[in-house]
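Listed below, chain by chain, are the residues.
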Amino acid sequence: MEALIDVQHVWKLYGKFVANEDISLTLYKGEIVSLLGPNGAGKTTLVKQLYGELLPNKGKITVLGNNPTNRKIMKSIGIIPQEVQPYEDLTVWDNIYYLGKIKGVKTKQIYERGEDLLRKLELLEKRNTLAMKLSGGMKRKLLLATSLINDPKLVILDEPTTGLDARARREVWNILLGLKKEGKSILLTTHYLDEAEKLSDRIYFINRKIVIEGLTSEIKEKFSDWYELIDYDSGKTIRIKGEDELKKVISNLNGKFEVRLPSLEEIYLEVFKDVS
Ligand SMILES: Nc1ncnc2c1ncn2[C@@H]1O[C@H](COP(=O)(O)OP(=O)(O)OP(=O)(O)O)[C@@H](O)[C@H]1O
Ligand SMILES: [Mg+2]
């Protein structure tokens, strides 16, 4: 199967500092893939190379069969960089309209798609509001709408739901899952582990280099002998490896307790426990 994103042995340095070390990663058609890792892990650095803002020092990146710096592919991609803002002195609608025009989208499609996206993101009533007058979360939602106006087959989102309230995050999830249903492919970074678990087919844990990768279900399976024990007496939560260890700990407890299988969040904490 042809990969829409193919990263092969990529190294990215800032001066002598290695931000990405020998990273290989793929994204196939119809997949949602998440990059997870602590602050400073090199996720944004990698993502910037996927849309040609940074060039790798070593290794090769192919996006939609082209070099990421090829402007031609921009029309088929939707991107939200981590720190981008909408055009503040344009209205919500004009942000969408002009971005659509820049990406060569037909006017009729801009109207149809733009209105549909604003409705789904509950932004229709803000249509004529200047972007500078939106709340932080609304700006993030507007960026998502503008990034999807060209009906991209590949979407690259760096923390799309940071700062969104619980309901808005779910609106975004529904949109992303809807795109997946249409056969679109999505690469995202997130710090919300429940989000990654809910959306992703595959996950890359990254901390400068790739630490673990695999199907979300596989990763959870790999850690299936990890338990989370909540001791109600002491109010402490402990992570325990293996059934024997679990039995030992439980036999020393007198009061009430609860045992849970690990969520992606527990796995994440375990994988990155030595990262300061
Ligand atoms: N322009 C730059 N010049 C020098 N160092 C940089 C630059 N951009 C990022 N770095 C460093 O590279 C490392 C990786 O940063 P990056 O932004 O890729 O991390 P991240 O995984 O996206 O983190 P976060 O989750 O906080 O967004 C960090 O140590 C950061 O300080
Ligand atoms: Mg980042």
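Up top is the structure these notes are about.
All figures in this text were calculated on a predicted structure; none of them were measured in a lab.

**Some words on the pairing of strand 3 (residues 32-36)**
In step 1: Burial analysis of strand 3 places five of its five residues in the buried class, which makes it a mostly covered element.
In step 2: Burial of strand 3 is two-sided: the residues Ile32, Ser34 and Leu36 facing one way and the residues Val33 and Leu35 facing the other way are all buried.
In step 3: Judged from the four bridges that link them, strand 3 and strand 7 (residues 185-189) form a sheet pairing that is parallel. By the bridge assignment, Ser34 is partnered in strand 7 with Leu188.
In step 4: Across four bridges, the pairing between strand 3 and strand 8 (residues 202-207) is parallel. The residue bridging Leu35 from the neighbouring strand is Tyr204, located in strand 8.

**What about the site of ligand 1?**
In step 1: Around ligand 1 sit 14 residues, and of these Gly40, Lys43, Thr44, Thr45 and His191 come closest.
In step 2: With respect to ligand 1, the side chain of Lys43 contributes an N or O atom lying 2.7 Å from an oxygen atom.
In step 3: With respect to ligand 1, the side chain of Thr44 contributes an N or O atom lying 2.7 Å from an oxygen atom.
In step 4: Relative to its free-state accessible area of 640 Å², ligand 1 is covered by the protein chains to the extent of 62%.
In step 5: At three residues, helix 1 (residues 43-50) tops the list of elements feeding residues into the shell around ligand 1.
In step 6: The residue makeup of the shell around ligand 1, split by class, is five nonpolar, seven polar and two charged.

Analysis parameters
- Residues numbered from 1 in each chain as written.
- Chains lettered and ligands numbered in written order.
- Predicted model: local features only at pLDDT ≥ 70, side-chain atom pairs only at ≥ 80, totals over all residues.
- Heavy atoms only, no water.
- Buried < 20%, exposed > 50% of the residue type's maximum accessible area, 1.4 Å probe, protein only.
- Helix = DSSP H or I, 4+ residues; strand = E, 2+ residues; numbered from the N terminus.
- Pairing = 2+ DSSP bridges.
- Near = heavy atom within 4 Å.
- Polar contact = N/O pair within 3.5 Å; in protein donor to acceptor, adjacent residues only side chain to side chain.
- Areas by Shrake-Rupley, 256 points an atom, 1.4 Å probe, with all protein chains shown as cover.
- Nonpolar A, V, L, I, M, F, W, Y, C, P; charged D, E, K, R; others polar.

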